[in-house]
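What follows is each chain in one-letter form.
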Amino acid sequence: MKKQLYIKWKILLQVIPIIAVILLIKTIFHHYGLEMMELNALFTSLVGATIFLIGFLISGVLSDYKESEKIPGEITTSLKNILDDSLTLKHHYSEDTFKQFIAFQKKLANNIKSWLYKEIETSELLTQFDVLNSIIIQLDKEGVQANFLIRIKNEISTVRKNLLRIEAIRETNFISSAYAIVESMAFVISAGLIFIKIEPFFAALFFTVLVTFLIIYMIILIKDLDDPFDYQANGESGTEISLDIFNKHLEYINANY
């Protein structure tokens, strides 16, 4: 329960110290009469433009996030199909080949989990697929039908394709220049709210908290959503893509083979 609450309010807890610093600076500036600007339409337009840019960023990131949600399921489906085919064809090839094939699948699933947590390099994971070539050749020699071998190769290709998609998502930030301008605008707006004089002072504090909280919270949220496979830093919680279906397959193959 405590963990779920922390996950829910994690970004808020990150934002609170920043807002507290801004409020402290605002109070100091008000106390010493350093508020030298008046609120005008140009500043409110600046805030509106920043909110619009944040909306553009969140829409782009969310579309990628929704696409990313499908990847663990696609990987797991392919791994399950390969396991099903290997069990179906068990009596068509030797016991040694069967054990080798199962050992390959078990090691591959465990290596994928380790790779998602960045415990092994991508090159090391992809090398694992080379083992399949010798297994396919052995299955062919032992008389397994070509259509089954082609299906196994296709499923492995699907797994590899999705792993490379994850790698691309993890290593590519969504429009870095857009992040730069939004962060710059957040700084400018925060500084402007500190220098702008609004009466009464409690109203100034309220609007300073409201605007800065909204902008900073959304920037942190977008950055968090931008890498939905950052398990090394955040584990399988918060905005990270769920691995429940993959973990169940991993537990099954480890427990039974």
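The structure presented is a predicted model; accordingly, all values stated were derived computationally and were not measured. (Residues numbered from 1 in each chain as written. Predicted model: local features only at pLDDT ≥ 70, side-chain atom pairs only at ≥ 80, totals over all residues. Heavy atoms only, no water.)

## Some words on a nonpolar patch on the surface
Next, step 1: Together, Leu-24, Ile-28, Tyr-32 and Leu-34 give the surface a local cluster of nonpolar side chains, amounting to about 420 Å² of exposed area.
Next, step 2: For Ile-28, the position within the fold is in helix H1 (residues 2-31).
Next, step 3: Judged by its relative accessible area of 40%, Ile-28 is partly exposed. (Patch = residues over 30% accessible without salt bridge, like charges linked within 9 Å, V, L, I, M, F, W, Y side chains within 5 Å. Areas by Shrake-Rupley, 256 points an atom, 1.4 Å probe, with all protein chains shown as cover. Salt bridge = Lys/Arg side-chain N within 4 Å of Asp/Glu carboxyl O. Helix = DSSP H or I, 4+ residues; strand = E, 2+ residues; numbered from the N terminus. Buried < 20%, exposed > 50% of the residue type's maximum accessible area, 1.4 Å probe, protein only.)

## So, the nonpolar core
Next, step 1: In this structure, Ile-75, Phe-101, Leu-108, Ile-112, Leu-132, Leu-139 and Leu-163 are the most contacted members of the largest nonpolar core, which totals 67 residues.
Next, step 2: Top contributing element to this core by residue count: helix H9 (residues 201-226), with 10 residues. (Core = buried A, V, L, I, M, F, W, Y, C linked by side-chain atoms within 4.5 Å.)

## Quick look at the confidence of the model for the protein
Next, step 1: Taken residue by residue, the protein gives an average pLDDT of 88. The fraction at 70 or more is 96%.
Next, step 2: The element-level mean pLDDT for the protein is lowest in helix H10 (residues 231-234), coming to 79, with helix H11 (residues 244-256) highest at 93. (pLDDT = per-residue confidence, 0-100.)

## Examining H11
Next, step 1: For H11, with 13 residues, the first-to-last C-alpha span of 18 Å sits near the 18 Å given by 1.5 Å per residue.
Next, step 2: All of the buried residues in H11 are Phe-246, Asn-247, His-249, Leu-250 and Ile-253. All buried residues of H11 project into a common sector of 160° when viewed along the axis, lining one side. H11 presents Lys-248, Glu-251 and Ala-255 as exposed residues on the side facing more than 90 degrees away from its buried surface. (Expected span 1.5 Å × (residues − 1). Arc of directions from axis to C-beta.)

## Details of the packing of helix H8 (residues 176-195) against H9
Next, step 1: At their nearest, the axes of H8 and H9 sit 10 Å apart, and the two run at 165° to each other. Classified by the angle between their axes, H8 and H9 sit roughly antiparallel to one another. Between H8 and H9 the crossing geometry is left-handed. In this structure, H8 uses Tyr-179, Val-182, Glu-183, Ala-186, Ile-189, Ser-190 and Leu-193 to contact H9, whose residues at the interface are Phe-207, Thr-208, Val-211, Thr-212, Ile-215, Ile-219, Ile-222, Lys-223 and Asp-226.
Next, step 2: Among the residues making up the contact of H8 with H9, the classes are represented as 10 nonpolar, three polar and three charged. (Axes fitted to C-alpha atoms, helices over the stretch in contact; angles between N-to-C directions. Parallel < 35°, antiparallel > 145°, perpendicular 65-115°, else oblique. Left-handed = near helix turned anticlockwise from the far one by under 90°. Contact = heavy atoms within 4.5 Å. Nonpolar A, V, L, I, M, F, W, Y, C, P; charged D, E, K, R; others polar.)

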